[in-house]
Structures are given as structure tokens and as C-alpha cells.
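So you can see what is in the structure, the chains are spelled out below.
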Amino acid sequence: MREYTKQETISANIPYAAMLLIGAVTIAYAYGFSPSALAGAVSYLAYGIAGAFWIIIFVCPYCAHYSTSRCPCGYGTISARIMKGGDRDCFAEKFRRHIPVIVPLWIIPVACGGLALWSSFSWRLVGLVSVFVVESCIILPIVSRKHCCVDCPQKNDCPWMARGSRGTQQEVEDDGIISAP
């Protein structure tokens, strides 16, 4: 099992941090950097940070990388400092249950940008929303799957890695059809 260096752990977190920063800028720009827009942007950043801690608290204790340097994003070692480890067989259930808490992070900037564009069109805002969508819906998932998920011992049971297939990853493999992650 591969262990990650601090530099690799930092690199693994860059796409999520970039998504949060681009999302915050999108929210602030969409409403003219007004005090309420800046408050919304700061709230979005706080929500993103809280979302990471939500995962650290409610999902990471059930991960096979809990309390190890084999966690590419470093959440497993943080989780071990604040939470007691749980049953690893519950990982998929915990993942499915708690990931919806952070899903709005992918929606809020697009919704704010879309509403602002509806009332007043701006090519710059179109650009910001587009950059956010590319970062959050293309770059972040690719980096996660290619860097974080590739060596994961739980990838066959993971709802993220099995999504898009016609069943769980294990069911697909049992059928003799191996889908590329």
C-alpha cells in the first residue's frame, strides 16, 4: 500500500481548494462584490471547510486509510486525531449517507451565477461560471479518481467509484464486465 508525502497530500487538496476559491469569487462577482455578496462568498468558503470536516468526522473513521499516511488527501490522519475509528465494512453506507451534505458546494456558485446572468448578462460572469464548472465537474473528479481512488483498497465498495455502472463495481466484475474507473 502506497504512502503519500506531505507534498502529494497538499497536491491532492488543490482541486477542492481551487473549486472553493473559484466558487467564492463567482458568488462575489455575480452580485457586484457588495457586502452581502462578500458575505455570501465567505459563507460559501466556510461551508466548504465545514464540509471537509464533516467528511473527516462522519466518513473517514470508516475508511481503510483511517489513521495512516496512505490517505492521499490527509483526512485520515486528521480524523484519527479527533474521532475514534469505526467498522470499515460501513464505509460505503457512511459515504452514501454523508456525501449529500457537501453536494450543494457544486450547485451554489452555478445557481448564483445563473440567477445573476438572468437579470444582467456578463461575459466575465459566464467565464467564471464556466471555469467553476470545468474545475468542479471535470478537473476535481478526474484528479480524485486518478490520484486518490486508484490505490484505494475500498474502491470496489465505494459509491463514487461504482457510480455510472449498472450496479456495484463488484456486481459488474462478477458479471465479467470490468468498467474503467
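A brief structural summary. (Residues numbered from 1 in each chain as written. Predicted model: local features only at pLDDT ≥ 70, side-chain atom pairs only at ≥ 80, totals over all residues. Heavy atoms only, no water.)

What follows is about the layout of surface pockets. When its volume is computed, the second largest pocket comes out at roughly 330 Å³. Along the wall of the second largest pocket there are 20 residues; nearest its centre are Thr9, Asn13, Cys73, Gly74 and Ile78. Mapped by element, the contributors of at least two residues to the lining of the second largest pocket are helix H1 (6–30), helix H2 (35–58) and helix H3 (75–82). Here the lining of the second largest pocket takes six residues from H1, the largest share from any one element. (1 Å grid on protein atoms, 1.4 Å probe; cavity = no way out; pocket = protein on both sides within 12 Å on 5 of 7 lines; lining within 4 Å. Points joined across faces, edges and corners; volume = space filled by probe spheres on them. Helix = DSSP H or I, 4+ residues; strand = E, 2+ residues; numbered from the N terminus.)

The next subject is the side chain of Ser122. Relative to the helices and strands, Ser122 resides in the loop between helix H5 (104–119) and helix H6 (123–148). The exposure class assigned to Ser122 is buried, which follows from its relative accessible area of 19%. Apart from the residues within four sequence positions on either side, Ser122 is in contact with Tyr29 and Leu117. (Buried < 20%, exposed > 50% of the residue type's maximum accessible area, 1.4 Å probe, protein only. Contact = heavy atoms within 4.5 Å.)

Together, Ile49, Phe53, Ile78 and Ile82 give the surface a local cluster of nonpolar side chains, amounting to about 350 Å² of exposed area. Those elements giving two or more residues to the nonpolar patch turn out to be H2 and H3. (Patch = residues over 30% accessible without salt bridge, like charges linked within 9 Å, V, L, I, M, F, W, Y side chains within 5 Å. Areas by Shrake-Rupley, 256 points an atom, 1.4 Å probe, with all protein chains shown as cover. Salt bridge = Lys/Arg side-chain N within 4 Å of Asp/Glu carboxyl O.)

Attention now moves to the nonpolar core. By size, the foremost hydrophobic cluster in this structure holds 27 residues, and its most contacted members are Tyr16, Met19, Tyr44, Tyr75, Phe91 and Leu105. For this core, the elements supplying multiple residues, two or more each, are H1, H2, helix H4 (91–98), H5 and H6. With seven residues, H1 is the largest single contributor of residues to this core. Excluding its chain neighbours within four sequence positions, the residues that come into contact with Leu105 are Tyr16, Met19, Leu20, Tyr44, Tyr47, Gly48 and Phe132. Core analysis: the second largest hydrophobic core is formed by five residues, Ala116, Leu117, Leu125 and Val129 among them. (Core = buried A, V, L, I, M, F, W, Y, C linked by side-chain atoms within 4.5 Å.)

Let us now look at the packing of H1 against H5. Between H1 and H5, the shortest axis-to-axis distance is 9 Å and the interhelical angle comes to 25°. Here H1 is positioned roughly parallel relative to H5, judged by the angle of their axes. Our pair here, H1 against H5, has a crossing hand that is left-handed. For the pair formed by H1 and H5, the contact residues are Tyr16, Met19, Leu20, Gly23, Thr26, Ile27 and Ala30 on the first element and Leu105, Trp106, Ile108, Pro109, Cys112, Gly113 and Ala116 on the second. Residue composition of the contact of H1 with H5, grouped by class: eleven nonpolar, three polar and no charged. (Axes fitted to C-alpha atoms, helices over the stretch in contact; angles between N-to-C directions. Parallel < 35°, antiparallel > 145°, perpendicular 65-115°, else oblique. Left-handed = near helix turned anticlockwise from the far one by under 90°. Nonpolar A, V, L, I, M, F, W, Y, C, P; charged D, E, K, R; others polar.)

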